[in-house]
Amino acid sequence: MTASAHNGEDPAAEVVKKRSYVLQYQKEYPAATSQEERIRNIKKQVSTLQSTILLLRNSLVKENRSVRSDLSKYDLDYLVAIKNSLKDMQKLLKQLEAAVDS
């Protein structure tokens, strides 16, 4: 499996930038006046967090091949764990939306 860590950008700077977006969204959340605004805000936070995790995953693969289970001393495939966590996060967001809509 080959993956590019980023588009030529410094991943550390990208992580800082994405974190600043999440912090800004979190700061804006209390000011949301409608349920739709709050849901949009939460979606932006989740999307940015997912993007950050993908950036970190790709950077790990590029810099350290031991994140795969066949090379890990813990017999843990970090890439599979990250993929599953992202899927779980997406499912959580859908459940949250359904709970709010009902």
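Please read these numbers as outputs of a predicted model, since none were measured by experiment.

**With respect to the overall build of the protein**
Here's step 1: Regarding its fold elements, the protein presents three helices and zero strands.
Here's step 2: Burial statistics for the protein: of 102 residues in total, 25% are counted as buried.
Here's step 3: The long-range fraction of contacts in the protein, counting pairs at least 24 apart against all pairs at least 6 apart in sequence, stands at 60%.
Here's step 4: A total of about 7300 Å² of accessible surface is found on the protein, and carbon and sulfur atoms cover 54% of it.

**Comments concerning the packing of helix 1 (residues 11-28) against helix 2 (residues 35-63)**
Here's step 1: Interaxial distance between helix 1 and helix 2 falls to 9 Å at its minimum, and their mutual angle equals 165°. With respect to helix 2, the axis of helix 1 lies roughly antiparallel. In the crossing of helix 1 with helix 2, the sense of the turn from one axis to the other is left-handed. Contact with helix 1, carried on its side by P11, E14, V15, K18, Y21, V22, Y25, Q26 and E28, involves N41, K44, Q45, T48, L49, S51, T52, L55, L56 and S59 of helix 2 and no other residues of that element.
Here's step 2: Of the residues contributing to the contact of helix 1 with helix 2, the split by class is eight nonpolar, seven polar and four charged.

**Let's talk about the packing of helix 2 against helix 3 (residues 78-101)**
Here's step 1: Their axes nearest at 10 Å, the elements helix 2 and helix 3 cross at an angle of 175°. Considering their axes alone, helix 2 and helix 3 lie roughly antiparallel with respect to each other. In contact with Q35, I39, I42, K43, V46, L49, Q50, I53, L54, R57 and V61 of helix 2, helix 3 contributes L79, I82, L86, M89, Q90, L93, L96, E97, V100 and D101.

**Considering the confidence of the model for the protein**
Here's step 1: Residues with a pLDDT of 70 or more make up 80% of the protein, whose mean pLDDT is 81.
Here's step 2: The least confident element of the protein is helix 3, whose mean pLDDT is 83; the most confident is helix 1, at 93.
Here's step 3: Within the model, the stretch residues 1-6 combines pLDDT values under 50 with 13 contacts to residues more than four positions away or in other chains.

About the cut-offs
Residues numbered from 1 in each chain as written. Predicted model: local features only at pLDDT ≥ 70, side-chain atom pairs only at ≥ 80, totals over all residues. Heavy atoms only, no water. Helix = DSSP H or I, 4+ residues; strand = E, 2+ residues; numbered from the N terminus. Buried < 20%, exposed > 50% of the residue type's maximum accessible area, 1.4 Å probe, protein only. Contact = heavy atoms within 4.5 Å. Areas by Shrake-Rupley, 256 points an atom, 1.4 Å probe, with all protein chains shown as cover. Axes fitted to C-alpha atoms, helices over the stretch in contact; angles between N-to-C directions. Parallel < 35°, antiparallel > 145°, perpendicular 65-115°, else oblique. Left-handed = near helix turned anticlockwise from the far one by under 90°. Nonpolar A, V, L, I, M, F, W, Y, C, P; charged D, E, K, R; others polar. pLDDT = per-residue confidence, 0-100.

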